[in-house]
Amino acid sequence: GQNIDQPTEMTATEGAIVQINCTYQTSGFNGLFWYQQHAGEAPTFLSYNVLDGLEEKGRFSSFLSRSKGYSYLLLKELQMKDSASYLCAFRNTGGFKTIFGAGTRLFVKA
Amino acid sequence: DVKVTQSSRYLVKRTGEKVFLECVQDMDHENMFWYRQDPGLGLRLIYFSYDVKMKEKGDIPEGYSVSREKKERFSLILESASTNQTSMYLCASSPYRDPHGYTFGSGTRLTVV
């Protein structure tokens, strides 16, 4: 079957670093995505990993280990505006379907 | 600025009504998708389309149908609305096999009473 898990909520302090973990199970993997979703808004694309390793994009980095079915999103120098839900998602082979996790709500406190 | 536009931000409909949710994208994307988002369940795929007049069932198609008569427009139809279809509905589009993920519309919050 297919499954994707991530923590429900996390809290971190402004200026700090936070790591949001995601584990997945699937028989056919073709890439892992992270999206950011502010309350009441649409998800917006953050990152994409298809090969193992770390992809860095400004304050955000995403890591993938295909053998472990594991990914994380790393947010550095946290800002209040980073308070949002972060959705982990993988795409199946065939390329059309993306399976989303329930999301991790991140609260950034002063 | 590229966009996916959903026709309504909020809708309230009565049980048994036929409901149309419209989605239009201006990016010439091949793929279009309808998801619903519920607390604790995340986004669940209802239907998707990878070409005009083509449609494929997602994970929860029961009670829904879709129409894609033009490349830019993908409509979701609730044949007979029920209270368990109260949800946030999100439309998304993507180019064929693009690694940059989906562009989402701003969502339609549907309440069925």
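Below is a summary of the structure that appears in this document. Being a predicted model, the structure only gives us computed values, none of them experimental. (Residues numbered from 1 in each chain as written. Chains lettered and ligands numbered in written order. Predicted model: local features only at pLDDT ≥ 70, side-chain atom pairs only at ≥ 80, totals over all residues. Heavy atoms only, no water.)

### Some thoughts on the interface of chain B and chain A
Basically, it comes down to this: Pairs of residues are marked as contacts when any of their non-hydrogen atoms sit within 4.5 Å. Here the buried area means the combined drop in accessible surface, using a 1.4 Å probe, for two parts upon being joined, counting both sides. For this analysis, a salt bridge means a side-chain nitrogen from Lys or Arg found within 4 Å of a carboxyl oxygen belonging to Asp or Glu. Two N or O atoms form a polar contact when they lie within 3.5 Å of each other; inside protein one atom must be a possible hydrogen donor and the other a possible acceptor, and for residues adjacent in sequence the pair counts only when both atoms belong to side chains. The helix count covers DSSP runs of H or I at least four residues long, the strand count covers runs of E at least two residues long, and both are numbered beginning at the N terminus. Throughout, the ten residues Ala, Val, Leu, Ile, Met, Phe, Trp, Tyr, Cys and Pro are labelled nonpolar, Asp, Glu, Lys and Arg are labelled charged, and all others, Gly among them, are labelled polar.
Residue-level contacts link 24 residues of chain B with 19 residues of chain A. Across the chain B/chain A interface, buried area totals approximately 1,700 Å², and carbon plus sulfur atoms make up 57% of it. The interface formed by chain B and chain A includes 0 salt bridges. Along the contact surface separating chain B from chain A lie 5 residue pairs in polar contact (both at pLDDT 80 or more). Elements with a contribution of two residues or more to the side of chain B that touches chain A: strand E5 (31-38) and strand E6 (42-49) of chain B. Here the residues of the side of chain B that touches chain A sort into 12 nonpolar, 8 polar and 4 charged.

### Description of the sheet that holds strand E7 (residues 60-65) of chain A
All names here are of chain A. This is how it is decided: Think of it this way: DSSP has to see at least two bridges between two strands before they count as a pair. Axes, fitted as lines to C-alpha atoms, cover a helix only where it is in contact. Angles between the N-to-C directions of the axes lie from 0 to 180 degrees.
On the basis of which strands lie adjacent, the open sheet formed by 5 strands has the order E1-E3-E8-E7-E6 and antiparallel pairing. At either margin of the open sheet sits one strand with a lone partner, and together these are strand E1 (3-5) and strand E6 (53-57). Ignoring strand direction, the axes of neighbouring strands in this sheet form an average angle of 15 degrees.

### Some words on the side chain of glutamine 6 of chain A
Residue and element names in this part refer to chain A. Applied cut-off: The classification of residues rests on relative accessible area computed with a 1.4 Å probe and restricted to protein chains. Under 20% of the type maximum is buried, over 50% is exposed, and intermediate values are partly exposed.
Mapped onto the fold, glutamine 6 is located in the loop between E1 and strand E2 (9-13). What makes glutamine 6 buried here is its relative accessible area of 14%. For glutamine 6, the side chain forms a polar contact with the main-chain nitrogen of cysteine 88, separated by 3.1 Å. Within polar-contact distance, the side chain of glutamine 6 engages the backbone nitrogen of glycine 103 at 3.2 Å. Setting aside its immediate chain neighbours within four residues, glutamine 6 contacts Asn21, Cys22, Trp34, Tyr86, Leu87, Cys88, Gly101, Ala102, Gly103 and Thr104.

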